[in-house]
Amino acid sequence: MKSNSVSLAVDEFAKGRADALILIGRILLAWVFVGSAYGAISNFSGSVGYFRSLNLPAPELFTMTNIVLEVLISVGLILGVGTRYCAILTFVFVLAATAIAHRYWEYPAGAQQIGQYNHFLKNVSIMGGAMLIFVTGAGRFSFDRAS
């Protein structure tokens, strides 16, 4: 019986604070894009070099596109603007980034493969978070809700 009351308390906590928890979730999901965009802006040549190392055509264009998309994703998730569209964009962006940059199976066994595998798993988790935001929407604390 005790576990049932704990389960009810957890459910009530989540239901009673859903909008605030969704806001926190959106901010935490966006955090990785804020940091990545800032890093690419502050070290543009390093980002270009990274895309060049992946043998991508037009690495400068990839870097600029990456920055624009990461800023758009960050603002959309944090403020809750076009949140469901932003969640779809996030999912597709991370799927593409994973397919391009984190093909861990192409690395020899060892530290590099493990690092790429961890990035792969992180990206799968981000896609899961994006899917949850797509389903739940932005919640009450958002510009979507205000309109």
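Residues numbered from 1 in each chain as written. Predicted model: local features only at pLDDT ≥ 70, side-chain atom pairs only at ≥ 80, totals over all residues. Heavy atoms only, no water.

1. So, helix H6 (residues 111-136)
Note the threshold: To qualify as a helix, a DSSP run of H or I must reach at least 4 residues; to qualify as a strand, a run of E must reach at least 2; elements of each kind are numbered from the N terminus. Given the number of residues in a helix, its expected span is that number minus one, multiplied by 1.5 Å. Only protein chains enter the accessibility calculation, which uses a 1.4 Å probe; a residue is then buried when its area is under 20% of its type maximum, exposed when over 50%, and partly exposed in between. Any two residues whose heavy atoms approach within 4.5 Å at even a single point are treated as in contact.
The end-to-end C-alpha separation of H6 is 37 Å, in line with the 38 Å expected for 26 residues at 1.5 Å each. Regarding H6, the residues found buried are Gln116, Asn123, Ile126, Met127, Gly129, Ala130 and Ile133. Along its buried surface, H6 packs onto helix H2 (18-42), helix H4 (59-79) and helix H5 (83-101). Gly137 sits one or two positions beyond H6 and adopts a positive phi of about 80°.

2. Regarding the confidence of the model for the protein
Here is the rule we go by: Confidence scores here are pLDDT values: one per residue, from the predictor, ranging 0 to 100.
On average, the protein scores 95 in pLDDT, and the residues at 70 or more come to 97%. Taken element by element, the protein is modelled with least confidence in helix H7 (residues 143-146), mean pLDDT 86, and with most confidence in H4, mean pLDDT 98.

3. Re the layout of surface pockets
One way to see where empty space is left: roll a probe the size of a water molecule over the atoms. Quick note on the threshold: Points on a 1 Å grid, built from protein atoms alone, make a cavity when a 1.4 Å probe fits but cannot get out and make a pocket when they are open with protein on both sides within 12 Å along at least 5 of 7 lines; residues with an atom within 4 Å of a point are the lining residues. Grid points are joined across faces, edges and corners, and a volume is the space filled by probe spheres set on the points.
What the largest pocket holds in volume is close to 630 Å³. Every residue lining the largest pocket is counted, 28 residues in all, and those nearest its centre are Phe51, Asn66, Glu70, Phe93 and Ala97. Broken down by secondary-structure element, the contributors of at least two residues to the lining of the largest pocket are H2, helix H3 (44-53), H4, H5 and H6. Sorting elements by how many residues they give to the lining of the largest pocket places H5 first, with 8 residues.

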